[in-house]
2 protein chains.
Amino acid sequence: MSDAYELYYWPSIQGRGEFIRLVLEDADQAYVDVVRRPEAEGGGIPALRRMLDEVPRAFAPPVLKHGTLTVRQTTDICAYLAERHGLMPNVPDARRAANHLAATMYDFAVEIHNVHHPLGVALYYEDQKTEARRAAAAFAEHRLPKFLGFFERCIERNTTQPWLLGDRLSYPDLWLFQIIEGLHYALPKTMAAGRNDYPSVARAHEAVRTRPRLASYLASERRLPFNEHGLFRHYPELDVGGKG
Amino acid sequence: MSDAYELYYWPSIQGRGEFIRLVLEDADQAYVDVVRRPEAEGGGIPALRRMLDEVPRAFAPPVLKHGTLTVRQTTDICAYLAERHGLMPNVPDARRAANHLAATMYDFAVEIHNVHHPLGVALYYEDQKTEARRAAAAFAEHRLPKFLGFFERCIERNTTQPWLLGDRLSYPDLWLFQIIEGLHYALPKTMAAGRNDYPSVARAHEAVRTRPRLASYLASERRLPFNEHGLFRHYPELDVGGKG
């Protein structure tokens, strides 16, 4: 039994798996990104399918294996890792707040995904482009400011540090970093238009980006590039710019 | 400080709050459904707005107050209550599985909601009816069988009891009950067409429905009726019937 974490996730996208990778990388933990390994070495999509068949009650990736333990669902996996590696606040109420913030960002990520797939994941983007344009306009006008404004106020409350909670980074700060990074990739004009509305969020994003381990990870080949198969997709026609 | 739980949620819909109410009711716990009380007695929408202003980092209802403690997010609130009142499995791995199943049902509920609001919650249903019909067809053909088939297999694994996990009911069983109940309300023809495909799910649903406290709750005025403002809405034009 190896001590290393085994992450099972789609091999060619950041997707939901990236929230987990960021926690592992910032915590400096060894992990195997199983499905990204060659098939000949036990990786590839066959490894993913085998895992989904073998693990009881695994609905979909990501799944984390740690020794004999299996953890499912992005938020639960991140909370499990954060708990073990100093990325969870110590105070019970702040721990609950951390999980709440991650869950809220998870909701936000689902809404971001729905902008390019409003009719559901069963249809291609090309088959819902018109609908996606309307969804993108409503998102930019209503939902983006609601979520970003909420996170802005959370960080503003913290008078000494650029973090969401308390005096050191906790795992929701990594989530927020990834979401802001993804939004800048997917909706550069829209994000540029709101540049001055969320100064605390921008500071937090920069503070995460320049953490040595994170910076090293982001510059490495382990960090997959954003692309049009993941959560954050850059379709210029959906990047509607202004604030409605 | 009162010992009773205070639930803050929209007063006229089951919505996400209903998952919490079912846990409280099945556990026979006293609770105040604060916003449903008259304004003169400290209830109503003003009470909800006050709470959202006062509670740090409350993004949206539901919120549960318990003495000095505040718990946010539907899944976290249910897990908190389940832990305290015998609706969480005892084994760590099964607890993780319970939270995973609830999180998967939460994802499912979000997808069910998106069927009638594919372009987002910022627009009325009337402004996205055409899109909703396409979303409903894709949902009935792909997503409904994927999720229900998954829960069916989970219960099938349990050779002695109709529950998702182990030999007694845990809180995800209440979630599944509510989802099936809601789907029957929202999509009666579609659900009738798949009636024989999920026998274990149907048995589990019936086993929950006939639990004495639950049956008494469901027959009471505390149980709000389904309506076209909540998560599960009956729009006949979205009830596409067959399995595609």
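Q: What is the right way to look at the packing of helix α3 (residues 74-84) of chain B against helix α4 (residues 92-116) of chain B in this model?
A: Helices that pack against each other are described as a pair by the angle of their axes relative to one another and the distance between those axes. Residue and element names in this part refer to chain B. Put simply, α3 and α4 touch, their axes get as near as 10 Å, and they point 145° apart. As α3 runs across α4, the sense of the crossing is right-handed. Of the residues in α4, those in contact with Thr74, Thr75, Ala79 and Glu83 of α3 are Arg95, Asn99, Ala102, Ala103 and Tyr106. Its residues assigned to classes, the contact of α3 with α4 comprises 4 nonpolar, 3 polar and 2 charged.

Q: What am I meant to see in the sheet that holds strand β3 (residues 63-66) of chain B here?
A: Strand pairing in a sheet relies on backbone hydrogen bonds. The paired strands run either parallel or antiparallel. Residue and element names in this part refer to chain B. Across the sheet, which stays open at both edges, the 4 strands sit in the order β2-β1-β3-β4 with mixed pairing between neighbours. Of all the strands in the sheet, the pair left with one neighbour each is β2 (31-33) and β4 (69-72). Strand-to-strand twist across the sheet, computed as the mean angle between neighbouring axes with direction ignored, equals 20°. Sheet topology note: the strand β1 (residues 5-8)/β2 ladder contains 3 bridges and is parallel. For Tyr5, the partnering residue across the bridge sits in β2 and is Tyr31.

Q: Would you take a moment to explain the layout of surface pockets for this structure?
A: Think of a ball as big as a water molecule: rolled over the atoms, this probe shows where empty space is left. Looking at the second largest pocket, its volume works out to about 1200 Å³. Secondary structure elements with two or more residues in the lining of the second largest pocket: α4 (92-116) and α5 (129-156) of chain A together with α2 (44-54) and α4 of chain B.

Q: How do you make sense of α4 of chain A when you look at a structure like this?
A: Helical geometry note: an α-helix holds 3.6 residues per turn, so side chains three or four residues apart project in the same direction. With 25 residues, α4 of chain A extends 37 Å between its outermost C-alpha atoms, agreeing within 8% with the 36 Å of an ideal straight helix rising 1.5 Å per residue. Taking burial as the measure, the 25 residues of α4 of chain A include 18 buried ones, the bulk of the element.

Q: How do you make sense of the interface of chain B and chain A when you look at a structure like this?
A: Interfaces are often sized by the amount of accessible area the parts lose when they come together. On the chain A side, the residues contacting the 43 residues of chain B number 43 residues. Of the roughly 3800 Å² buried at the junction of chain B and chain A (both faces included), carbon and sulfur atoms supply 60%. At the surface where chain B touches chain A, the tally comes to 4 salt bridges. For Arg134 of chain A, the salt bridge goes to Glu131 of chain B, with nearest N and O atoms at 2.9 Å. Elements with a contribution of two residues or more to the side of chain B that touches chain A: β4, α3, α4 and α5 (129-156) of chain B. Broken down by element, the side of chain B that touches chain A gets its largest block of residues, 12 residues, from α4 of chain B.

Q: So what exactly am I meant to see when it comes to the relation of the copies chain B and chain A here?
A: Both copies of the chain are related by one operation, a rotation about an axis with a shift along it. Take chain B, turn it by 180°, move it 0.0 Å along the axis, and it overlays chain A with an RMSD of 0.0 Å. These values place the two chain copies in the arrangement generated by a two-fold rotation axis. Among all residues of chain B, the one whose C-alpha sits closest to the rotation axis is Pro118 of chain B, at a distance of 2.4 Å. A shared interface surface links the copies, since 100% of the contact residues of chain B are contact residues in chain A too.

Q: Help me out: how do you make sense of the environment of His234 of chain B in this one?
A: Tracing the sequence through the fold places His234 of chain B in the segment after α9 (212-218). Sequence separation between His234 of chain B and Leu183 of chain B is 51 residues; the distance between their C-alpha atoms is 8.9 Å.

Q: What exactly am I supposed to notice about the state of the cysteines here?
A: Two cysteines whose sulfur atoms are joined by a covalent bond form what is called a disulfide. All names here are of chain B. Applying the stated criterion across every chain, the model contains 0 disulfides over all chains. There is no disulfide at Cys78, and the cysteine sulfur nearest it, in Cys154, is 18 Å away. Judged by its relative accessible area of 3%, Cys154 is buried.

Q: Honestly, the pattern of salt bridges in this entry has me stumped. Any pointers?
A: Any two side chains of opposite charge can pair, so long as their charged atoms come close to each other. For the structure on display, the rule yields 28 salt bridges over all chains. Arg16 of chain B is paired through a salt bridge with Asp107 of chain A; the nearest N and O atoms lie 3.9 Å apart. Of this pair, Arg16 of chain B sits in the loop between β1 and α1 (17-26) while Asp107 of chain A sits in helix α4, placing the two residues on different chains. Residue classification places Asp107 of chain A among the buried residues on the basis of a relative accessible area of 14%. Where Arg209 of chain A meets Glu206 of chain A, a salt bridge forms, and the shortest distance between an N and an O atom there is 2.7 Å. One end of the pair is Arg209 of chain A and the other is Glu206 of chain A, both in helix α8 (residues 199-209) and 3 residues apart, which spans about a single turn. Here the salt bridges share partners, and the residues they tie into one network are Glu18, Arg21, Asp33, Arg36 and Arg223 of chain A.

Q: What should I look at first to understand the sheet that holds strand β1 (residues 5-8) of chain A in this one?
A: All names here are of chain A. Read across the open sheet, the 4 strands follow the order β2-β1-β3-β4; overall the sheet is mixed. In this open sheet, the two edge strands, each paired with only one partner strand, are β2 (31-33) and β4 (69-72). Looking at each pair of strands side by side, their axes are set apart by 20° on average, direction ignored.

Q: Can you walk me through the packing of α1 of chain B against α3 of chain B in this structure?
A: Residue and element names in this part refer to chain B. Two numbers describe how α1 lies on α3: the axes approach to 9 Å, and their chain directions differ by 5°. Between α1 and α3, the interaxial angle falls into the category roughly parallel. Taken together, the residues of α3 that come into contact with α1 (itself represented by Phe19, Ile20, Val23 and Leu24) are Thr74, Ile77, Cys78, Leu81 and Ala82. Grouping the constituent residues of the contact of α1 with α3 by class yields 8 nonpolar, 1 polar and no charged.

Q: Looking at this model, I keep getting lost on the packing of aromatic side chains. Mind explaining?
A: What characterises a pair of aromatic rings is the spacing of the ring centres plus the angle enclosed by the ring planes. Counted under the stated rule, the structure contains 20 aromatic pairs over all chains. Judged by centre distance (4.0 Å) and plane angle (15°), the ring pair of Phe19 of chain B and Trp175 of chain B falls under stacked. On the criterion of sequence distance, the pair formed by Phe19 of chain B in helix α1 and Trp175 of chain B in helix α6 (residues 171-186) is long-range, its members being 156 residues apart. Relative to Phe147 of chain B, the ring of Phe108 of chain B has its centre 4.3 Å away and its plane inclined at 10°; by these criteria the two rings are stacked. With Phe108 of chain B in helix α4 and Phe147 of chain B in helix α5, this pair connects stretches of sequence that are 39 residues apart. Phe147 of chain B shares its class with Phe108 of chain B; the two are buried. An aromatic cluster is present here, built from Phe59 of chain A together with Phe108, Phe139, Phe147, Phe150 and Phe151 of chain B joined pairwise through their rings. Stacked on the ring of Phe59 of chain A, the Lys or Arg Lys146 of chain B has its end atom at 4.9 Å from the ring centre.

The rules behind these values
Residues numbered from 1 in each chain as written. Chains lettered and ligands numbered in written order. Predicted model: local features only at pLDDT ≥ 70, side-chain atom pairs only at ≥ 80, totals over all residues. Heavy atoms only, no water. Axes fitted to C-alpha atoms, helices over the stretch in contact; angles between N-to-C directions. Helix = DSSP H or I, 4+ residues; strand = E, 2+ residues; numbered from the N terminus. Left-handed = near helix turned anticlockwise from the far one by under 90°. Contact = heavy atoms within 4.5 Å. Nonpolar A, V, L, I, M, F, W, Y, C, P; charged D, E, K, R; others polar. Pairing = 2+ DSSP bridges. 1 Å grid on protein atoms, 1.4 Å probe; cavity = no way out; pocket = protein on both sides within 12 Å on 5 of 7 lines; lining within 4 Å. Points joined across faces, edges and corners; volume = space filled by probe spheres on them. Expected span 1.5 Å × (residues − 1). Buried < 20%, exposed > 50% of the residue type's maximum accessible area, 1.4 Å probe, protein only. Buried area = accessible area lost by both parts, 1.4 Å probe. Salt bridge = Lys/Arg side-chain N within 4 Å of Asp/Glu carboxyl O. Least-squares fit on C-alpha atoms with pLDDT ≥ 70 in both. Disulfide = S-S within 2.5 Å. Parallel < 35°, antiparallel > 145°, perpendicular 65-115°, else oblique. Phe/Tyr/Trp six-rings, centres within 6.5 Å; stacked < 30°, edge-to-face > 60°. Lys NZ or Arg CZ within 6 Å of the ring centre and 35° of its normal.

This is a description of form; function is not addressed.
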